[in-house]
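Here is how the chains run, residue by residue.
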Amino acid sequence: TGAAAGAGALIAMGTAAFALGQEVDDAMLMIQARTGAAGDELVSMKETFLDLRRANDEATESIQNALIGVVQKFHLTGDALKETTQATINYADALRRDAGEATMGLTRAMKAMGTEASRTVEVTDLIVAASQRYGISGAEVESVLSHQAVTFKALGLDIKDVITLY
């Protein structure tokens, strides 16, 4: 009957909402544990996480890991955290990679090269362009930057110089 179908739909919606709420709670527990955030900082991170989750089709865990990676490497909060994390998610999408994995590799490379978080969009655009132009993977570029950063910096090369050498 119609009433039974309606009740079934309501139960399904309630179950899905509960599962989503549990997924967000689990993600926030992981974010708190891996970043050490508490109080107002944690509340702000939750707002950022929820905004990113609404704006992206990525899995909750990928967004969670991207956010954690940006916080751990760059210690950002607020709008800077949201914008930088979104840039890393866009980067991962462009290279068809997991957002958490791509963020960790990218932030590790940028940190090794002494590159400020404010340059994330510039750096991701350069890596994506090099990847598309020369068929190299973003992970390969990140690895070279991370492992050879001391040499590149000793030669006076900036991250942009190195990527454009590809």
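See the structure shown above.
Fair warning: this is a prediction, and the values are worked out from it, not measured in the lab.

Participant: Quick question: what am I supposed to make of the pattern of salt bridges here?
Facilitator: Any two side chains of opposite charge can pair, so long as their charged atoms come close to each other. Across all of its chains, the model carries seven salt bridges by this definition. Across the salt bridge formed by R53 and E23, the nearest N and O atoms sit 2.7 Å from each other. Residue R53 is found in helix α2 (residues 39-55), and its partner E23 is found in helix α1 (residues 2-35); the two are separated by 30 residues along the sequence. Residue E122 pairs with R119 through a salt bridge whose shortest N-O separation is 2.8 Å. Judged by relative accessible area, which is 28%, E122 ranks as partly exposed. One connected set of salt bridges, linked through shared partners, spans D51, R54 and K82.

Participant: Looking at this structure, I do not really get the packing of α2 against helix α4 (residues 78-94). What am I missing?
Facilitator: When two helices pack together, their arrangement is given by the angle between the helix axes and the distance between those axes. The geometry of α2 relative to α4 is characterised by a closest axis approach of 10 Å and an angle of 35 degrees between their N-to-C directions. When the axes of α2 and α4 are compared, the crossing they make is right-handed. Touching S44, M45, T48, D51, L52 and A55 of α2 are G78, L81, K82, T85, Q86 and I89, all from α4. Residues of the contact of α2 with α4, tallied by class, amount to five nonpolar, five polar and two charged.

Participant: How do you make sense of the nonpolar core when you look at a structure like this?
Facilitator: Across soluble globular proteins, you tend to see nonpolar side chains buried next to one another. Counting residues in each nonpolar core, the largest one holds 42 residues, and the members touching the most others are F49, I127, L145 and I163. Broken down by secondary-structure element, the contributors of at least two residues to this core are α1, α2, α3 (60-74), α4, α5 (99-112), α6 (120-134), α7 (138-154) and α8 (159-165). In this structure, F49 is in contact with V24, A27, M28, I31, T60, I63, Q64 and L67, ignoring residues within four places of it in sequence.

Conventions we followed
- Residues numbered from 1 in each chain as written.
- Predicted model: local features only at pLDDT ≥ 70, side-chain atom pairs only at ≥ 80, totals over all residues.
- Heavy atoms only, no water.
- Salt bridge = Lys/Arg side-chain N within 4 Å of Asp/Glu carboxyl O.
- Helix = DSSP H or I, 4+ residues; strand = E, 2+ residues; numbered from the N terminus.
- Buried < 20%, exposed > 50% of the residue type's maximum accessible area, 1.4 Å probe, protein only.
- Axes fitted to C-alpha atoms, helices over the stretch in contact; angles between N-to-C directions.
- Left-handed = near helix turned anticlockwise from the far one by under 90°.
- Contact = heavy atoms within 4.5 Å.
- Nonpolar A, V, L, I, M, F, W, Y, C, P; charged D, E, K, R; others polar.
- Core = buried A, V, L, I, M, F, W, Y, C linked by side-chain atoms within 4.5 Å.

That is the geometry; function is a separate question.
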